[in-house]
Amino acid sequence: MADAETHDEDTNRSEMVEDANGLEIPSELPILPLRGMVVYPNTAAPLLIGQPRSISLVDDIVSQERLLGLFASHDPDLETPAPDQIYQIGTLAVVHRLFRAPDGTIRLLVQGLRRIQIVEYLNTEPYLTAAINEMPEDAEDTIEVEALMRNIGEQFQHLSELVPNLPSELITTALEIEDPVQLVYLVASYLRIDLDEAQQLLELDNASEKLHRLMTLLGKELELLELGQKIRDDAQTEIEKVQREFFLREQLKAIQRELGEADETQMEVEEFRRKIDEMAMAEEAEREARRELDRLSKLPTAAAEYGVIRTYLDWLTNVPWGQTTEDKLDIGHARTVLDEDHYGLDDIKERILEFLAVRKLRTERADELSEDQPEDVDVIRREREGVILCFVGPPGVGKTSLGTSIARAMGRKFIRMSLGGVRDEAEIRGHRRTYIGAMPGRIVQALRRVGTINPVIMLDEIDKLGMDFRGDPASALLEVLDPEQNFEFRDHYLDVPVDLSQVFFITTANTLDTIPSPLRDRMEIIRLYGYTESEKIAIAQQYLVPRQLKENGLRSGELAFADDALKQIIQYHTREAGVRNLEREIGAVCRKVVTRIAQGLTDHVEVSVALVDELLGKPKYHYLTEVEDRTNLPGVATGLAWTPVGGDVMFVEATRMPGSKGFILTGQLGEVMQESARAALSYIRAHTDDLMIAEDWFKSTDIHLHVPAGAQPKDGPSAGITMVTALASLLTQRPVRSNVAMTGEVTLRGQVLPIGGVKEKVLAAHRFGIDTVLLPQRNEKDLDDIPAEIREQMQFVLVNRVEQVLEAALDSSDSEPLPIAGVAATYTEE
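Along each chain, residue indices are assigned from 1 in the same order as the chain's sequence is written. Local features in a predicted model are, by the rule used here, given only for residues with pLDDT of at least 70; side-chain atom pairs are given and counted only at 80 or more, and totals for whole chains, interfaces and linings are based on all residues. Heavy atoms from the whole structure form the basis of all side-chain values; hydrogens and water molecules are not counted.

Peer 1: Before we move on, can you summarise the overall build of the chain with the specific residues and values?
Peer 2: Along the backbone of the chain there are 27 helices and 25 strands. What the globule rule says is 2.2 Å times the number of residues to the power 0.38, and the radius of gyration is computed from C-alpha atoms. Taken over C-alpha atoms, the radius of gyration comes to 48 Å for the chain, far larger than the 28 Å a tight globule of 830 residues would show. When the backbone C-alpha atoms are referred to their principal axes, the chain occupies close to 135 × 95 × 65 Å. Each residue gets one of three labels from its accessible area relative to the maximum for its type: buried under 20%, exposed over 50%, partly exposed in between, using a 1.4 Å probe on protein chains only. Looking at the chain residue by residue over its 830 residues, the buried ones come to 48%. Taking as baseline every contact in the chain between residues at least 6 positions apart, the subset at least 24 positions apart corresponds to 74%. Here the chain carries 89 positive and 145 negative side-chain charges, and the mean point of each set is 8 Å from the other. Under the DSSP-based scheme used, a helix requires at least four consecutive residues in state H or I and a strand at least two consecutive residues in state E, with every element numbered from the N terminus. Note on definitions: a residue-residue contact is assigned when non-hydrogen atoms from the two residues lie within 4.5 Å. Counting rule for charge: Lys and Arg are taken as positive, Asp and Glu as negative, and neither His nor the chain ends is counted. Every charge is mapped to an atom, namely NZ of Lys, CZ of Arg, CG of Asp or CD of Glu.

Peer 1: Tell me about the pattern of salt bridges, and please be specific about residues and values.
Peer 2: The working definition used for a salt bridge is a side-chain nitrogen of Lys or Arg within 4 Å of a carboxyl oxygen of Asp or Glu. On inspection of all chains with the given rule, the structure shows 39 salt bridges. A salt bridge links glutamate 271 to arginine 274; its shortest N-O distance comes to 2.4 Å. Placement of the pair is glutamate 271 and arginine 274 together in helix 7 (residues 264-278), with a separation of three residues, close to one helical turn. Connected through shared salt-bridge partners, Glu288, Arg291, Glu292, Arg295, Glu305 and Arg433 make up one network.

Peer 1: Explain the nonpolar core to me, using residue names and the numbers behind them.
Peer 2: Put simply, buried Ala, Val, Leu, Ile, Met, Phe, Trp, Tyr and Cys residues joined by side-chain atoms within 4.5 Å make one nonpolar core. In terms of nonpolar packing, the biggest core is built from 54 residues, with Ile462, Leu477, Leu481 and Leu494 touching the most fellow members. Sort the elements by how many residues they give to this core and helix 9 (residues 304-318) lands first, with six residues. Each residue touching isoleucine 462, except ones within four places of it in the same chain, is listed here: Leu419, Leu477, Leu481, Thr507, Thr508, Ala509, Ile515, Leu519 and Met523. Grouped together as the second largest cluster of nonpolar side chains are 52 residues, Leu338, Leu544, Leu554 and Ala588 included.

Peer 1: So what about the pairing of strand 17 (residues 646-658)? Which residues, and what values?
Peer 2: By this definition, two strands are paired if DSSP reports at least two bridges between them. Relative to strand 17, strand 16 (residues 636-643) runs antiparallel, the two sharing eight bridges. By the bridge assignment for strand 17, leucine 640 is matched with valine 649. The turn linking strand 16 back onto strand 17 is made up of two residues. Direction of pairing for strand 17 relative to strand 19 (residues 701-706): antiparallel, over a ladder of six bridges. Bridge pairing in strand 19 places alanine 654 opposite leucine 705.

Peer 1: Tell me what's going on with the layout of surface pockets, and back it up with residues and numbers.
Peer 2: Buried and open spaces are told apart on a 1 Å grid over the protein atoms alone, a cavity being a set of points where a 1.4 Å probe fits but cannot get out and a pocket being an open set with protein on both sides within 12 Å along at least five of seven lines. Residues with an atom within 4 Å of a point are the lining residues. Grid points are joined across faces, edges and corners, and a volume is the space filled by probe spheres set on the points. Put simply, the second largest pocket is a space of about 660 Å³. Lining the second largest pocket are 32 residues, with Ala641, Trp642, Thr643, Met650 and Lys714 positioned closest to its centre. Put simply, the parts of the chain that give the lining of the second largest pocket at least two residues each are helix 22 (623-631), strand 16 and strand 17. Under the scheme applied here, ten amino acids are nonpolar (Ala, Val, Leu, Ile, Met, Phe, Trp, Tyr, Cys and Pro), four are charged (Asp, Glu, Lys and Arg), and all others, including Gly, are polar. Across the lining of the second largest pocket, the residue classes break down as 16 nonpolar, eight polar and eight charged.

Peer 1: Which residues make up the packing of aromatic side chains, and what values go with them?
Peer 2: Think of it this way: a Phe, Tyr or Trp ring, Trp meaning its six-membered ring, pairs with another when their centres are within 6.5 Å, and the plane angle makes it stacked under 30 degrees, edge-to-face over 60, tilted otherwise. One pass over the full model with this rule turns up two aromatic pairs. A ring pair is formed by tyrosine 40 and tyrosine 185, whose centres lie 5.0 Å apart and whose planes are at 10 degrees; its orientation type is stacked. In this pair, tyrosine 40 is assigned in the loop between strand 1 (28-34) and strand 2 (44-49) and tyrosine 185 in helix 4 (residues 180-188), connecting sequence segments 145 residues apart. On the basis of relative accessibility, which here comes to 2%, the residue tyrosine 40 falls in the buried class. Ring centres of tyrosine 312 and tyrosine 493 lie 5.8 Å apart, and the angle between their planes is 55 degrees; on these two criteria the pair is classed as tilted. Placement of the pair is tyrosine 312 in helix 9 and tyrosine 493 in the loop between strand 10 (489-490) and strand 11 (497-498), with a sequence separation of 181 residues. On the basis of relative accessible area, tyrosine 493 is assigned to the buried category, the value being 3%. Over the aromatic face of tyrosine 312 sits the side chain of arginine 433, whose NZ or CZ is 3.8 Å from the ring centroid. Just above the ring of tryptophan 315 sits the side chain of arginine 448; from NZ or CZ to the centre is 4.2 Å. Sitting over a ring, as applied to charges here, requires NZ of Lys or CZ of Arg to be within 6 Å of the ring centre and within 35 degrees of the ring normal.

Peer 1: Can you lay out helix 13 (residues 399-410) for me, pointing to particular residues and giving the numbers?
Peer 2: The end-to-end C-alpha distance of helix 13, which contains twelve residues, comes to 17 Å, matching closely the 16 Å that a straight helix rising 1.5 Å per residue would cover. Restricting attention to buried positions, one finds in helix 13 the residues Lys399, Leu402, Gly403, Ser405, Ile406, Ala407, Ala409 and Met410. Phi for glycine 411, located one or two positions after helix 13, is positive at around 75 degrees. Expected span of a helix: the number of residues minus one, times 1.5 Å.

Peer 1: Please give an account of the environment of valine 110 that cites residues and values.
Peer 2: Looking at where valine 110 falls in the secondary structure, it is placed in strand 5 (residues 106-123). Valine 110 sits 651 residues away from lysine 761 along the chain, and the two C-alpha atoms are 103 Å apart. In this view, valine 110 contacts Thr43, Ala44, Ala45, Leu47, Leu70, Ala93, Val94 and Val95; residues no more than four positions away in its chain are not counted.

Peer 1: Summarise a negative patch on the surface; cite the residues concerned and give the values.
Peer 2: Surface patches are defined over residues having more than 30% relative accessible area and no salt bridge, joining like charges when they lie within 9 Å and nonpolar side chains (Val, Leu, Ile, Met, Phe, Trp, Tyr) when within 5 Å. Every accessible area reported is derived by Shrake-Rupley at a probe size of 1.4 Å, with residue values counting cover from the shown protein chains alone. Taken together, the side chains of Asp346, Asp347, Glu780, Asp784 and Asp785 present a region of like negative charge at the surface. Take aspartate 785: it is sitting in the loop between strand 23 (772-776) and helix 26 (788-793).

Peer 1: I'd like a rundown of unusual backbone geometry, residues and numbers included.
Peer 2: In this model, glutamate 125 is joined to proline 126 through a cis peptide bond whose omega is -5 degrees. Looking at the secondary structure, you find proline 126 in the loop between strand 5 and strand 6 (128-134). Phi at glutamate 461 is positive, roughly 55 degrees, even though this residue is not glycine. In this structure, glutamate 461 sits in the loop between strand 9 (456-460) and helix 16 (473-480). Here glutamate 461 falls in the partly exposed class, since its relative accessible area comes to 24%. Its identity as a non-glycine residue notwithstanding, methionine 692 has a phi of 55 degrees, on the positive side. With respect to the helices and strands, methionine 692 occurs in the loop between helix 23 (671-686) and strand 19.

Next comes the structure, spelled out in C-alpha cells:
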C-alpha cells in the first residue's frame, strides 16, 4: 500500500481553506512521501495512509500541532521511497480530520499551507524527518497577470461545463480569487495533469510563469475534453440513427402485415425457396440448402450471420444443378469445325471424333433400352463420361485455341482457367465458410459463369502450378481430374458434392517434367509437335494472314503474301516451333502496308521476298550459313537438343592447349551432361590407336569443352555422341561435315543408346537446313512420327557404335577412314 494516496476526490476541498497568515513554521518537520500526486498550498486533499512508517508518523503528530511536510515521490510505484527518491520542494500541511478504518488504514483530510524546501534529512527511522525552509511566493500585480487570471477563469468556467461533477461554488470561488498564486493552485488541483507537470507548477517562483504554464495545461485539457465530447456525440448520433432505422423497419413490417404484403426479407427467403424447388439438386445439396434457408428465415437482417448464410445460399442456388447443353454428335460436322479452325493436328482431331462416336453410341443404346431394360439404362448413365486430355507441346502450336474449337464442335460452353503461378490450394477447392470473405474455388466459379454442368473447361499452363505454405494446388487437382472421384467433388465452401463427371477437362503444358506423376497419370497425354516449313506456310495463308488483315482494317484485295515471302519470314525472321512469332511478323508487315495505303502511296501490295527485307529489315537469323561458319574448323560438332519450346540446334566446341591433363567444362552444363563429357573424353583416350592419335598426347595437354549460349542451363545425356565427335575432330584435325547433326547417348564402351524428342530435334535440324541426321538405331521407330515431306528431304543415319558416328560425321577427304565396328544403317522411306 502507498505511503499516502488520494482517497475521496469528491470531498469539498474549498471549505477547509484557512488563513495561515502569522503561522509559525517549525524548522524541523516529519516528511510524508506522496505517491502520484502533489498537494498545493491553500488547497485541501484526502489521503489514504497504509504503510507502517506513515502510520507511525501520523500517530506522533496528531497529539501535537498536526503539521507535516508533503513531498511527491519521483516513482509512484515505490512504496517506501528513500530520501534521494523524493522531490526537494513540497508543501507544509496541517491535518484537519482523521479516520481509522477497520482494516488498519488511516484516512486523512489535509490542507496545504505554505511552500517549503528540504534543507537536509535528519532521520529516516521510524519515519523521515528533515530540516526545512519556507519558500515565499510573491503575487505580482500587473496588467498581464490580471489578463492571465481572467483568461484562466474563463477557461476554468468552460471546463466546468464539460465536467459536470465540478461544484458551481468552486467556479464562483475561482472567479472571486484575487491572489494569482492561489488561483493557480486551486485550478491545478482539479486538473488531470502528470506528476512531473504538477511538480513543475509548484516549483516555479514567478506568478506570471505559473499562470502561463497553467494556461497551457488548461488548454490541453480542454482540447481533450472537447474531443471526447465530440466522439460521444457522434456515437450517440449513430446509435440514435440505428435505433430510428430499427423502429421504422418494425413499423414498416407492421404496415405490410396489415396490408397482407410480405416484407423484403420474406420475399428473399421465398425466392431462395423457389429456386431450390425448381433445381435438380443432389439430395445432400438440397437438404443443406433447406436447412440454411430455415436458419436465414429466423434471423434478423442486422445479424452478422445473416449475410454469411445469404451469400452461401446465393452460391449454392447458382450452381447449374442438372443444367446441360445437348451435345452435337454429328461426326461430320465436328470434323468440319476442327478442320476450319486448325491445320493438321490429326491425332487430336481423331481423339475428339472418337469421344463423340463413343458418346453417340452410348446415347443410342440408352434410347433403345429405355423401355425394356430401364436398369441397364441407369448403368449406362452412371458410367463415367468425363474426359481429361493434356496437350503438351511448345508455345505457339495451338494448344489453347484447340479448346475453343473442341467446344464449338461439340456444341458445349467453353471456359478457360489459367493456372500459371497459382500457389494456394483454396484456389481449386475454395475457402471454408468460417473465414471472412470466403468463396468457392475456381472450378465451382467456372460452372456458375457458364451456367451448365457439362462445359469444356481448359486448365491452361498446368505445368506452371506453384506450391507454398498455403498448400499444393496440384494435389487438389487429383480429385478434380480423376473420373473415378470427380462425380462427387466437394468444394470447401459449398461442402456438398458437385458432379464434375460430365465436364470435358482439357489441360495444356509445355513440359511434363514439372507435373507430379500422380496428376500426370490421371490425364491422357497428347503431344503437339512443331510445324514444318510447308505447314507454317499453309497455316499462314489459311489462318494468320486473313486474321491480321481483319485486325489491321485491310480488305482481302489490298494485301497478299506470296509463298516465297512467307518462307523468307519463316527462315530469316523467326526461329520457333509454333507460329506465334510468325503471326507477329505478318502483323508488322500489315501495319507498314496500312501506313502506305493511308498516305495514298498505293492501294494494293503484293508482298515479295524483296519487300519482306525492305519492310522487316535485316534478317534476324541465318540458319545454314551459321552451321557452316561454326563447323568449318576442327573441334566443333552440331548436336540436337529438346527444349520445352521445341527442338533446337546446339553446337559443341572443343579446343586444346598446353597443360597437364586438365579437362574444363563450360556453358552452364548440368551434372548429367558433365558426366557425358567425361565419358566422351574417356572413350577418346581409350581408343587413341583407332583414332591414330599419339598415346601420350594427354600428358601435356589441357582440353576445354564448351557449349555456347552459356546463359541457358543445359542438361541431359543426348549430347554424348556430339561431344565424342567434337573431341575426335579436334584431336584428328578433321572438321565435322556442316550438313550433319546428331543426337544420342554414349557409353564408355562406345555404344550409342536411344534418346527422346526425336521429332522435335529433326524438325529443328530441318529448320536449320541440315539434311543429314545421325540417330541411335533403336530410335528408328520414332521416324514414323516425322512428316513424310521431311523424311523425303532428309537422310537419317542409324548408328549403334561411336565408330559409325565418326565415320559419318567427320570429313575424311584428307585422312584415312576410321575402322568401323559394323556398318551404319541408312533409313530410307518405303
